[in-house]
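# Residue-level structural notes
Residue strings, one per chain:
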Amino acid sequence: MSWTTPRTWVDGEFVDASLMNAHVREQLEHMVASPLPTNVAYSGGAFTNGTPGGTWTVDSGDLTTFWYYRNANRWRASIRVSTSSIGGTASSQLRISMASFLGGATIYRNSSAPMRRLFDNGTLRPGMVFCRAGTNYIECYRRDIGLWTASTNNTTFTFTVQFVTNVNF
Amino acid sequence: MAWTMPRTWVPGEMVDAALLNQQLRDNLAHLVPNVTPVDVAYSASLWSGLSGMTWTVQSGDVQWQWYYRFGQRLTFSMGVQATSVGGSLGSSLTVQLPVGTGQFVAVAVRVARFLDNSVDREILIGSLANLLTLSRADGANFVASTNATLAELTVDCVVAV
């Protein structure tokens, strides 16, 4: 029941059940119900280190929450990464790509949110995330913008962030 | 997208693309519209402090400041850096919301990032009439600063308009 950009129909096409269910039933259900978030499938390539030479390894079992909820071009995404690993060149920025569900859209205006909980190589710290206009990824930082501590299966955080994209119908 | 009265369909009619685009695409887009965030025009009077404290934000200090609103629900986001705090130091800095002139309730949230005279702090967001209030989580007063206070936040509010 995720919201889908309303379809532009063309003359002569065969309108089957799949189209009607996606573009009539589910859209109407979305508007009158509390829509369910859409889970994002794990992809190791979505998690990268913002500094060349740095690494951030999030195994499939480390991603315990990754969903988004969309209302037109207004989005919320919630993520919990646990027991991930950081290595290589020290960096202050970790990145989570949203390309798999944003399509060609990008973030329209900057926004930010606090992390709910962050363990930086096991040490509890404040953290924050930043959605930068013009990009399609979430930047994750220690709140002091310090360098992430190298870790092996010991970096964990949780957050929910909202942002607006430039999608136009 | 403009709203078109829902059509009463009749047996045997030819449903073409024009009808579906009007009745489905455009009406759905009207009901769940895109938003274009409104960038807030700079005004030094938007930032202040309670009880004689001052918060000086110059136009070049504003990294972003936007909002959008659906009815009474307001989403507001702001990033300012290299700002100054002075006067009679207290525990609450304030930001005037761009819309909403009466009482409102802010969702209980924390500021994403705040540097209090360059020191990282945990900051809570509250509300007072048409103001967002920022308070240190430890209850202490803010520190006087010259071009060394930073705040970044995004918050949902319910406003009276």
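Residues numbered from 1 in each chain as written. Chains lettered and ligands numbered in written order. Predicted model: local features only at pLDDT ≥ 70, side-chain atom pairs only at ≥ 80, totals over all residues. Heavy atoms only, no water.

What follows covers the overall build of chain A. Within chain A, the regular secondary structure consists of two helices and 12 strands. When the helices and strands of chain A are listed from N to C terminus, the series reads α-β-β-β-β-β-β-α-β-β-β-β-β-β. Overall, chain A is about 60 × 30 × 30 Å in size when its C-alpha atoms are taken along their principal axes. Per-residue burial over chain A gives 47% buried out of 169 residues. Taking the intrachain contacts of chain A between residues at least 6 apart in sequence as the baseline, contacts between residues at least 24 apart amount to 69%. Summing over all exposed atoms, chain A offers an accessible surface of approximately 7400 Å²; the carbon and sulfur share of this is 50%. (Helix = DSSP H or I, 4+ residues; strand = E, 2+ residues; numbered from the N terminus. Buried < 20%, exposed > 50% of the residue type's maximum accessible area, 1.4 Å probe, protein only. Contact = heavy atoms within 4.5 Å. Areas by Shrake-Rupley, 256 points an atom, 1.4 Å probe, with all protein chains shown as cover.)

Another point: the overall build of chain B. Across its full length, chain B carries one helix and 13 strands. The order of helices and strands in chain B, counted from the N terminus, is α-β-β-β-β-β-β-β-β-β-β-β-β-β. Expected size for 161 residues packed as a compact globule is a radius of gyration near 15 Å; at 22 Å, chain B overshoots this value by more than 25%. Taken over the C-alpha atoms alone, chain B extends approximately 75 × 30 × 25 Å along its principal axes. A total of 161 residues make up chain B; the buried ones form 45% of that total. Pairs at least 24 residues apart make up 67% of the contacts formed inside chain B by residues separated by at least 6 positions. Carbon and sulfur atoms make up 54% of the accessible area of chain B, which totals about 7400 Å². Averaged over its 8 positive side-chain charges, chain B has a centre that lies 3 Å from the centre of its 11 negative ones. (Rg over C-alpha atoms; globule rule 2.2 N^0.38 Å. Lys, Arg positive; Asp, Glu negative; His and termini not counted. Charge placed at Lys NZ, Arg CZ, Asp CG, Glu CD.)

Here the focus is the interface of chain A and chain B. Taken together, the contacts link 37 residues of chain A with 36 residues of chain B. The largest per-residue losses of area from chain A upon contact with chain B belong to A:Trp9, A:Arg74 and A:Arg143, which jointly make up 21% of the total buried on that side. Summed over the shared surface of chain A and chain B, the result is four salt bridges. The partner of A:Arg76 in a salt bridge is B:Asp156, with the nearest N and O atoms 2.5 Å apart. Here chain A and chain B share 15 residue pairs in polar contact (both at pLDDT 80 or more) between them. If you list the elements that add at least two residues to the side of chain A that touches chain B, you get helix H1 (17-32), strand E5 (74-88), strand E7 (111-114), strand E10 (127-131) and strand E12 (151-164) of chain A. For the side of chain A that touches chain B, the element with the highest residue contribution is H1(A), accounting for five residues. The residue makeup of the side of chain A that touches chain B, split by class, is 19 nonpolar, 10 polar and eight charged. (Buried area = accessible area lost by both parts, 1.4 Å probe. Salt bridge = Lys/Arg side-chain N within 4 Å of Asp/Glu carboxyl O. Polar contact = N/O pair within 3.5 Å; in protein donor to acceptor, adjacent residues only side chain to side chain. Nonpolar A, V, L, I, M, F, W, Y, C, P; charged D, E, K, R; others polar.)

Glancing now at the sheet that holds strand E6 (residues 94-97) of chain A. Residues and elements named next belong to chain A. The strand order across the open sheet formed by five strands is E2-E6-E11-E10-E7, and the pairing between neighbours is antiparallel. Among the strands making up the open sheet, the edge pair consists of strand E2 (47-49) and E7. The sheet shows a mean angle of 25 degrees between the axes of neighbouring strands, taken without regard to direction. Here E6 runs beside strand E11 (residues 137-142); their pairing, made up of four bridges, is antiparallel. (Pairing = 2+ DSSP bridges. Axes fitted to C-alpha atoms, helices over the stretch in contact; angles between N-to-C directions.)

Moving on, we get to the confidence of the model for chain B. Should the pLDDT be low somewhere, the predicted coordinates at that spot are not to be read in detail. All names here are of chain B. Overall, the prediction assigns chain B a mean pLDDT of 89, with 94% of residues at 70 or greater. The lowest-confidence element of chain B is strand E7 (residues 105-106), averaging 58 in pLDDT; the highest-confidence one is strand E3 (residues 53-56), averaging 98. On the interface metric, ipTM, the complex scores 0.79, and its pTM is 0.84. (pLDDT = per-residue confidence, 0-100.)

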